[in-house]
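A look at the structure
In case you want the letters, here they are:
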Amino acid sequence: MSMAGQHGGDKPVTYDEVNRTILKMLEPPTVRWYFMLAACLLCVAVGALAWTRQILNGMGEAGKSHPDMWGCYITTFVFWVGIAHSGTLISAVLFLFRARFRMPIYRLAEAMTVFAVLTAGLFPLIHLGRVWFFYWLMPYPNQRALWPNFRSPLLWDVFAVSTYLTISATFFVVGLIPDLAVARDMAKSKIRQALYSVTSLGWSGNHRQWKHYMAAYLFFAAFATPLVVSVHSVVSWDFAMSIVPGWHSTIFPPYFVAGAIFSGVAMVMTLLIPIRKMFGLERLVEPWHFDAMSKLIIITSGILTYAYGMEFYTAWFSNNPYERDQFYFRAFGGMAVSFWGMTFCNCIFPQLLWIKSLRTNIPFLFVLSILINIGMWLERFNIIVQSLSHEYIPYAWGWYNFSWVDVGIVIGSFGWFGMWMTLFVKFFPAVSIMEIKELLPPPRRRVGAGSH
Amino acid sequence: MGANKAVVGVFSYLDDTLDAVKSVQSQQLDFRVYSPVPSHEIEELVVPGKSPVRFLTGLGAILGITGGFTLAIWTSLDYPLRVSAKDIVSVPGFVVIGYECTILLGGIFTLLALLHFCRLPDVLRKIGFDPRFSLDKFGVVVACDREQVEGVRDRLIQAGAEEVQIRDAL
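In this report, we go over the structure that sits alongside the text. (Residues numbered from 1 in each chain as written. Chains lettered and ligands numbered in written order. Predicted model: local features only at pLDDT ≥ 70, side-chain atom pairs only at ≥ 80, totals over all residues. Heavy atoms only, no water.)

Describing the overall build of chain B
When helices and strands are counted, chain B shows 6 helices and 4 strands. For chain B, the spread of C-alpha atoms along the three principal axes comes to 80 × 30 × 25 Å. Looking at chain B residue by residue over its 170 residues, the buried ones come to 49%. The long-range fraction of contacts in chain B, counting pairs at least 24 apart against all pairs at least 6 apart in sequence, stands at 81%. For chain B, the exposed surface amounts to about 8,100 Å²; the carbon and sulfur share of it is 59%. The centroid of the 16 positive side-chain charges in chain B is displaced by 5 Å from the centroid of its 20 negative side-chain charges. (Helix = DSSP H or I, 4+ residues; strand = E, 2+ residues; numbered from the N terminus. Buried < 20%, exposed > 50% of the residue type's maximum accessible area, 1.4 Å probe, protein only. Contact = heavy atoms within 4.5 Å. Areas by Shrake-Rupley, 256 points an atom, 1.4 Å probe, with all protein chains shown as cover. Lys, Arg positive; Asp, Glu negative; His and termini not counted. Charge placed at Lys NZ, Arg CZ, Asp CG, Glu CD.)

A word on the sheet that holds strand E4 (residues 163-168) of chain B
Residue and element names in this part refer to chain B. Spatially, E2-E3-E1-E4 is the arrangement adopted by the 4 strands of the open sheet, whose pairing is antiparallel. Each of the sheet's edge strands pairs with one partner strand only, and the pair in question is strand E2 (30-34) and E4. Strand-to-strand, the axes of this sheet are offset by a mean angle of 20°, without reference to chain direction. Sheet strands in contact with helix H6 (residues 149-159) are strand E1 (5-11), strand E3 (138-144) and E4, and its direction is about 10° off that of E1. (Pairing = 2+ DSSP bridges. Axes fitted to C-alpha atoms, helices over the stretch in contact; angles between N-to-C directions.)

Examining the nonpolar core
By size, the foremost hydrophobic cluster in this structure holds 179 residues, and its most contacted members are Trp80, Phe239, Phe290, Met293 and Phe417 of chain A together with Leu156 of chain B. At 17 residues, the largest contribution of residues to this core is made by helix H5 (residues 153-186) of chain A. Beyond its immediate chain neighbours, meaning those up to four positions away, Trp80 of chain A contacts Ala116, Thr119, Ala120, Phe123, Met267, Ser413, Phe414 and Phe417 of chain A. Formed by 8 residues, the second largest nonpolar core is a distinct cluster that contains Val8, Val10, Phe129 and Phe133 of chain B. (Core = buried A, V, L, I, M, F, W, Y, C linked by side-chain atoms within 4.5 Å.)

With respect to the pattern of salt bridges
The tally for this structure, following the rule as stated, stands at 18 salt bridges over all chains. Here Arg184 of chain A makes a salt bridge to Asp185 of chain A, at a shortest N to O gap of 2.9 Å. A relative accessible area of 2% means that Arg184 of chain A is categorised as buried. In this structure, Glu163 of chain B and Arg132 of chain B form a salt bridge, with 2.9 Å as the shortest nitrogen-oxygen distance. Here the residue Glu163 of chain B occupies a position in strand E4, and Arg132 of chain B occupies one in helix H5 (residues 132-135), the gap between them amounting to 31 residues. Since its relative accessible area comes to 24%, Arg132 of chain B is described here as partly exposed. Salt bridges sharing common partners tie together Asp130, Arg132, Glu163 and Arg167 of chain B. (Salt bridge = Lys/Arg side-chain N within 4 Å of Asp/Glu carboxyl O.)

Points about the packing of aromatic side chains
Residue and element names in this part refer to chain A. Per the stated rule, a full pass over the model turns up 50 aromatic pairs over all chains. For the pair Phe312 and Phe327, a centre-to-centre distance of 5.0 Å together with 65° between the ring planes defines the contact as edge-to-face. Here the residue Phe312 occupies a position in helix H9 (residues 287-318), and Phe327 occupies one in helix H10 (residues 321-332), the gap between them amounting to 15 residues. Centroid distance Tyr313 to Phe317: 5.4 Å. Interplanar angle 15°. Geometry classified as stacked. On the criterion of helical spacing, the pair formed by Tyr313 and Phe317 is a turn pair, its members being 4 residues apart in helix H9. One aromatic cluster is present, formed by Trp70, Phe239, Trp247, Phe252, Tyr255, Phe256 and Tyr308 through successive ring pairs. The ring of Tyr73 carries the charged tip of Lys64 above its face, separated from the ring centre by 3.8 Å. In this arrangement the basic side chain of Lys437 is found over the ring face of Tyr15, its NZ or CZ atom lying 5.8 Å from the centre. (Phe/Tyr/Trp six-rings, centres within 6.5 Å; stacked < 30°, edge-to-face > 60°. Lys NZ or Arg CZ within 6 Å of the ring centre and 35° of its normal.)

Taken by themselves, the reported measurements are silent on function.
Structure, rendered in structure tokens:
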């Protein structure tokens, strides 16, 4: 046991301390919290203004022109789906493998998943242009009785992302139930008591409830685990099923999945480090948790570096002039800065984590996690924008021009995500009370009693 | 719990709780155990065996895979339109739809099973529940008749209950 206090010397952590430490986060907000919320809302306002302008004047406002019709929107969509990805990895896959380092971080990772999918889901709508026709994406026939094309990766994506949102949101809410019961039973104000009574569904923690709850939780984890593999594989097929040079590649699914885990773990760090500091969670989220996450980053960075190398190798070995030219353009063309930025952020800087002391150096990890997120956004930019800018014939080549509407909506998405996270940490337990308690040995009168 | 009294024992220790459970089990009394965390020891003692949640999960998954493939195949046959030289019924492409629907319906049915078997929502909660049971205490609530109350209380105290309350059962 490596929870604080389980080492010799410190006072052991008790159930009561866990309750109080975590629920302290739900106390009335401070000025710093209001400042964070205001900053997020300002970004949302910028995004809303930009979107309104695009709706009024059309897609031209967003700098979209042939051949770059996907631009920042789909880049940012894939970025957010990727961020969402590792929440499920941490909550479901590591649950099945009984990885203990997940316990203090998984709730935050799950919240991140749900809010990142909510954010990602906005982009196909924004990118539609005429957003009021969003329901055309749903599988029902049009007025000519023509059904959507179930052979299209874009429709697979609708199914994959909606399933992912439904299952990850359910998993998240189900995980919250016992903790909300604790919040209900410790609430001092009537309003909070009523709020948590309703949201905990009247959970009492009797033996039958725990039995069925744990069985159901295991099944949710078992269902969510294949989603970790499937959702980003399906997103990668949006690209790989086409014939665009730079996209048509069989390595895309594992490459995207590894990239998603890489960026998601980095985003967990970006969120966890300030929250840990702000709410005094140092005794629950310890340096060894960061060490474990850093090791996950090294592994996934290695897989990504290999995938980047293999893309170039395949282009060279295939002897296909279009593929070769595409990858030459990525590294040495007019947008090469994004390629080299990606390489430094995703392949070179994470190698510093081989140094043990850096894996527990919190300021370093915070900076690195932000660099990784920048690198991962650039990766998607390289795949989407660079490939579309430089297809088969020079006549069709083009250049992507950012507009303030385009950038404003990307900023708005970060504000939207940040707003949900900021509200979440103030109204719901951002660290799982139940699972932290599970980490502790149950209190016994007779030392050494018990069969487990 | 059809008896007219509920004896509530509050425990600080898991091993005391297990002793109390064994003691009331030997008297074949109706009881309920509360704990702040799931405990395999309580589960094995009180409700051994597997949860029936898995049957509804399985049913949902089967309906999902059947429904996903049926939707994709039926709609393709309803308006046959060949796209990119692919078969009208392109099974490899429909695997994704079947796969996602399996997970979707399996998850939804698991949620329904959870709510059904845990008897949720239960906003009024049951007689004998004490808010401390979700925080840091264990509880054993025994339903009994008026004349059994004293005996049950003695058993709970003997097992190590730090507090025993007598409440009216419904």
